[in-house]
Amino acid sequence: MAAKRIFLEVGTGNDWHGGNYTKAAIRAVEDAIHHSSLVLLKTLDLDPTKMQVEVTIGVQQPEKVDPAAVKAVLPHGQIKVDVVSGGLNVPNSGPDDITIIATAAIAVHLDLA
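Notes on the structure in this doc start here. (Residues numbered from 1 in each chain as written. Predicted model: local features only at pLDDT ≥ 70, side-chain atom pairs only at ≥ 80, totals over all residues. Heavy atoms only, no water.)

## Let's talk about the side chain of Thr22
Mapping Thr22 onto the fold places it in helix H1 (residues 21-33). Reaching out from Thr22, the side chain makes a polar contact with the backbone nitrogen of Asp66 at a distance of 2.8 Å. Among residues more than four places away in sequence, those in contact with Thr22 are Lys64, Val65, Asp66 and Ala69. (Helix = DSSP H or I, 4+ residues; strand = E, 2+ residues; numbered from the N terminus. Polar contact = N/O pair within 3.5 Å; in protein donor to acceptor, adjacent residues only side chain to side chain. Contact = heavy atoms within 4.5 Å.)

Printed below as a string of structure tokens:
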């Protein structure tokens, strides 16, 4: 049986002045995971390492995100990180001073057979 999506959470994160896309992406993932708890894993005695975790990050410059650093934030599962165009860049006080806003969607799949 194919794995079924059992969970979807979203979050946002930013880097106010550093221009660091990875930092904004990590904060978006942390925001998403702090909104939720996968208590069903413990309740149903399921192994959290069996989860398939799909993380999608949206930022204006996807190539500037380190997917391995984003992956390291998540505590369990077989994790895949995909970085796509999205998010926002908001100018601040000068041409080199931008606020980077990232969005994250985290989907968890389990084989429930």
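## Brief notes about the nonpolar core
Core analysis: the biggest nonpolar cluster contains 26 residues, and Val29, Val53, Val55, Ile57 and Val70 have the highest contact counts within it. Listed by contribution, the elements that provide at least two residues to this core are H1, strand E2 (52-59), strand E3 (78-85) and strand E5 (98-110). It is H1 that contributes the most residues to this core, seven residues altogether. (Core = buried A, V, L, I, M, F, W, Y, C linked by side-chain atoms within 4.5 Å. Buried < 20%, exposed > 50% of the residue type's maximum accessible area, 1.4 Å probe, protein only.)

## So, the layout of surface pockets
A volume near 230 Å³ is recorded for the largest pocket. Around the largest pocket, the lining comprises 13 residues; the ones closest to its centre are Ile33, Leu38, Met51, Leu74 and Pro75. Per-class residue counts for the lining of the largest pocket are ten nonpolar, three polar and no charged. (1 Å grid on protein atoms, 1.4 Å probe; cavity = no way out; pocket = protein on both sides within 12 Å on 5 of 7 lines; lining within 4 Å. Points joined across faces, edges and corners; volume = space filled by probe spheres on them. Nonpolar A, V, L, I, M, F, W, Y, C, P; charged D, E, K, R; others polar.)

## A closer look at the side chain of Thr99
Structurally, Thr99 is set in strand E5. Within polar-contact distance, the side chain of Thr99 engages the side chain of Asn92 at 3.0 Å. Contact partners of Thr99, with chain neighbours within four places excluded, come to Asn14, Asp15, Trp16, Leu88, Asn89, Val90 and Asn92.

## Observations regarding the environment of Lys23
With respect to the helices and strands, the residue Lys23 is situated in helix H1. For the pair Lys23 and Val53, spaced 30 residues apart in sequence, the C-alpha to C-alpha distance is 20 Å.

Geometry only, nothing functional implied.
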